[in-house]
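Each chain, letter by letter, is given below.
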Amino acid sequence: EILIIDFGSQYTQLIARRVRELNVYCEIHPFNKIPEITENIKGIILSGSPSSVMEEGSPTLDLNQFRGKLPLLGVCFGAQLLAKEFGGLVEKSDSREYGRAHLNSLVPNDKLLKGIPAKSQVWMSHGDTITRLPEGAILTASTESVRNAAYTFEGEETYCIQFHPEVTHSTDGKKMLENFVVDICGCDQSYTPESFVESTVAELKAQLGQDKVVMGLSGGVDSSVAALLIHKAIGENLYCIFVDNGLLRKNEFEQVLESYKGLGLNVKGVDAKDRFYAALKGLTDPEAKRKAIGKTFIDVFDDEAHLIQDVKWLGQGTIYPDIIESVSVKGPSVTIKSHHNVGGLPDYMKLKVVEPLKLLFKDGVRQVGRSMGMPDHLINRHPFPGPGLGIRILGDITPEKVAILQNVDHIFIQGLKDKGLYDSIWQAGAILLPVQSVGVMGDERTYENVVALRAVTSVDGMTADWAHLPYEFLGEVSNQIINKVKGVNRVVYDISSKPPATIEWE
Ligand code: XMP
């Protein structure tokens, strides 16, 4: 496997994804918490960073522990750190070196750049630049404006590049990473979804033995795939709980329960709608609503879990981006929304946690799900927030409002599916606004609710753009909603991006 040492770059996760796409296993660890270097580690990649190697207190580590012993690839900050530590010079660049550049003078027999055509486009993103190479270094490529774009050291497998091979704008970046992990480090490309399932199921069997596991399912892809893996390992000893919080999409509870049963899971559907509505009564503040929903979920889950004798473990669908310790260089971030996810259970339950997906990215989770025969409609589902429609009904929540919003949402989502638009969108839904407006229906004046439709494109939910849906489609959906859903006489479409807006309205 490959060890990726993180210095806090926004692109570190992307390096890991690219390496995994080559069917090579890798892990990210922060620079100040490096694991023991075992024989399994075949090479190390040093990531970029928002810091400058020249700043007092910028991230660093003792590179002598690896250099010359293991293949090493320094990317951007990683390359600058290697330069600085071994007698080179890094200085503020006169021109900010940002964006596209082309590799001009390539050394043809360099192992890292093998097979890379001249003028290959690469992506630069740095404010510092290496002005003098370290001792013993050999220049292997330059660009128009960056002389020391790539270098290596005579007689050792250490490679340094100031551009980012992991971003798609670096046209041959993937080939360079392949050269590094396959040819230079000698990793075999045997990491596949099938091999992951096989080894994970074996590990789970050993870890869980005859113990019982309880798990809350949400209908989302992560918890579903995690449950299937655990089920493959321990069968009926996995007890799944799927709670109807009264804030799910129309017919979702019944449909998802059916799908789960079809997959052979031992799942209990719990209708707790009334408990949630009671807890939410009169609440209007978004954070107060989230907290009430989160707490009620825990209470319901706790009651159900206590009905199972001797349960020892809690299964969770945590994925890699949730656990990677990010290297924070900007200080503590402010809470914008307190995301509640299935599973934030209190300590008194004293359950050990089992998280079979904690080393996968979302696309990896989907591949694993597919390889276990999970149907597409479960795998390709849009993300849906834990508090569900509770944060899409602005203001207080009543069962009547939920019913209105479920009908509106259903027309919109079904429309997207019918027109083949669903899969190109990250997430879509409707919001019930606490606003009434005047309309006219037949000869009558109406004074009814406004709903907003929201659809966004995104790769990770961190940033998003509003989806440019065809006007005709929006027109048809709007007509259907106003004609079919009693209580709604106006539809608007949200055209804000994130940032500065967010995906949800609350
Ligand atoms: P925002 O609104 O912050 O949403 O742009 C980003 C992603 O997170 C989802 N989201 C939530 N998920 N509990 C969740 O489990 C929450 O409280 C919550 N709030 C937002 C949102 O649907 C989007 O996918």
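Residues numbered from 1 in each chain as written. Predicted model: local features only at pLDDT ≥ 70, side-chain atom pairs only at ≥ 80, totals over all residues.

**Q** Help me understand the UniProt feature "active site" (unreviewed entry) in the protein in this model?
**A** The UniProt feature table records "active site" (unreviewed entry) at Cys76, His164 and Glu166. Judged by maximum C-alpha separation, these annotated positions cover 91 residues in sequence but sit close together in space, the widest gap being only 11.2 Å. Assignment of secondary structure puts histidine 164 in the loop between strand E9 (158–161) and helix H3 (173–184). Ignoring sequence-local partners within four residues, the contact set of histidine 164 consists of Tyr11, Gly48, Val75, Cys76, Trp123, Ser125 and Ser170. Residue position: glutamate 166 is located in the loop between E9 and H3. If we ignore the near neighbours within four places in the chain, the residues touching glutamate 166 are Tyr11, Leu14, Ile15, Arg18 and Gly173. (UniProt positions renumbered as here; feature names shortened; annotations may be inferred. Helix = DSSP H or I, 4+ residues; strand = E, 2+ residues; numbered from the N terminus. Contact = placed C-beta atoms within 7 Å.)

**Q** I'm lost on the sheet that holds E9 in this one. Help?
**A** Taken together, the seven strands give an open sheet; going across it, the order is E2-E1-E3-E4-E9-E8-E7, and neighbouring strands pair in mixed fashion. Here the strands that pair on one side only, and so sit at the sheet edges, are strand E2 (26–30) and strand E7 (137–141). Going across the sheet, the axis of each strand differs from the next one's by a mean of 20°, ignoring polarity. Bridge count between strand E3 (residues 43–46) and strand E4 (residues 72–75): three bridges; the pairing is parallel. Residue pairing for E4: isoleucine 45 is matched across the bridge by leucine 73. (Pairing = 2+ DSSP bridges. Axes fitted to C-alpha atoms, helices over the stretch in contact; angles between N-to-C directions.)

**Q** What am I meant to see in the pairing of strand E10 (residues 212–217) here?
**A** Both faces of the sheet carry side chains from a regular strand, because those side chains alternate between them. Of all six residues that make up E10, five are buried, and the element is covered over most of its length. Taken together, the four bridges between E10 and strand E13 (residues 311–315) define a ladder with parallel strand orientation. Bridge pairing links lysine 212 to valine 311 in E13. Direction of pairing for E10 relative to strand E11 (residues 238–244): parallel, over a ladder of five bridges. The partner of methionine 215 across the bridge, within E11, is cysteine 240. As a crossover connection, the stretch from E10 through helix H5 (residues 221–234) into E11 is right-handed. (Buried ≥ 20, exposed ≤ 12 C-beta atoms within 10 Å, placed from the backbone. Right-handed = clockwise from strand over helix to strand, strands pointing away.)

**Q** Got a minute to help me understand the domain arrangement of the protein in this structure?
**A** One widely used convention gives an interface's size as the accessible area the parts lose upon coming together. The domain architecture assigned to the protein consists of domain 1 (2–184), domain 2 (193–379) and domain 3 (392–493). Inter-centroid distance (C-alpha atoms) of domain 1 to domain 2 is 38 Å. (Domains from an automatic or database assignment.)

**Q** I'm lost on H3 in this one. Help?
**A** Each turn of an α-helix holds 3.6 residues, which means side chains three or four residues apart point in the same direction. Taking 1.5 Å as the rise per residue, H3 with 12 residues should run 16 Å; its terminal C-alpha atoms sit 15 Å apart, in good agreement. Looking only at H3, the buried set comprises Gly173, Met176, Leu177, Glu178, Asn179, Phe180, Val181 and Ile184. Where H3 is buried, its residues contact strand E1 (2–6), helix H1 (12–21), E3, E4 and E9. Following H3 by one or two positions, glycine 186 adopts a phi angle in the positive range, close to 75°. (Expected span 1.5 Å × (residues − 1).)

**Q** How should I be thinking about the environment of tyrosine 471 in this particular structure?
**A** Here tyrosine 471 is to be found in helix H13 (residues 471–484). In this structure tyrosine 471 comes out as exposed when scored by C-beta crowding, with 9 C-beta atoms within 10 Å.

**Q** Is there a simple way to explain the nonpolar core in this structure?
**A** The tendency in soluble globular proteins is for nonpolar side chains to be buried side by side. If you look at the biggest cluster of nonpolar residues, it comprises 76 residues, and the most contacted ones within it are Ile230, Cys240 and Val408. When residues of this core are assigned to their parent elements, the largest contribution, nine residues, is made by H5. Looking at this core, you find at least three residues from each of domain 2 (193–379) and domain 3 (392–493). When neighbours within four sequence positions are excluded, valine 408 is seen to be in contact with Ala430, Val451, Ile481, Val485 and Val488. Judged by nonpolar contacts, the second largest core, of 56 residues, contains Val24, Leu113, Cys160 and Cys185. (Core = buried A, V, L, I, M, F, W, Y, C linked by C-beta atoms within 7 Å.)

**Q** I would appreciate a short explanation of unusual backbone geometry in the present structure.
**A** The linkage connecting lysine 498 with the following residue, proline 499, adopts the cis geometry, with an omega of -15°. Structurally, proline 499 can be placed in the segment after strand E18 (488–493). Of the consecutive residues proline 499 and proline 500, the connecting peptide bond is found in the cis state with omega at 5°. Within the secondary structure, proline 500 is located in the segment after E18.

**Q** In this structure, what is going on with the packing of helix H12 (residues 399–418) against H13? I would like to understand it.
**A** Two numbers describe how H12 lies on H13: the axes approach to 10 Å, and their chain directions differ by 150°. With respect to each other, H12 and H13 are oriented roughly antiparallel. Regarding H12 and H13, the two cross each other, and that crossing is right-handed. Seen from H12, the contacting residues are Val408, Ile411, Phe412 and Gly415; seen from H13, they are Phe473, Glu476, Val477, Gln480, Ile481 and Lys484. The residue makeup of the contact of H12 with H13, split by class, is six nonpolar, two polar and two charged. (Parallel < 35°, antiparallel > 145°, perpendicular 65-115°, else oblique. Left-handed = near helix turned anticlockwise from the far one by under 90°. Nonpolar A, V, L, I, M, F, W, Y, C, P; charged D, E, K, R; others polar.)

**Q** Would you explain helix H8 (residues 286–306) in this entry?
**A** Along its 21 residues, H8 runs 30 Å from first to last C-alpha, staying within 8% of the 30 Å computed at 1.5 Å per residue. Among the residues making up H8, those that are buried are Lys289, Arg290, Ala292, Ile293, Thr296, Phe297, Val300 and Phe301. When H8 is viewed along its axis, its buried side chains cluster within an angular range of 165° and face the same direction. When the buried face of H8 is taken as reference, the exposed residues oriented beyond 90 degrees from it are Ala288 and His306. Looking at the buried residues of H8, the elements they touch are E10, E11, strand E12 (267–271) and helix H7 (273–280). (Arc of directions from axis to C-beta.)

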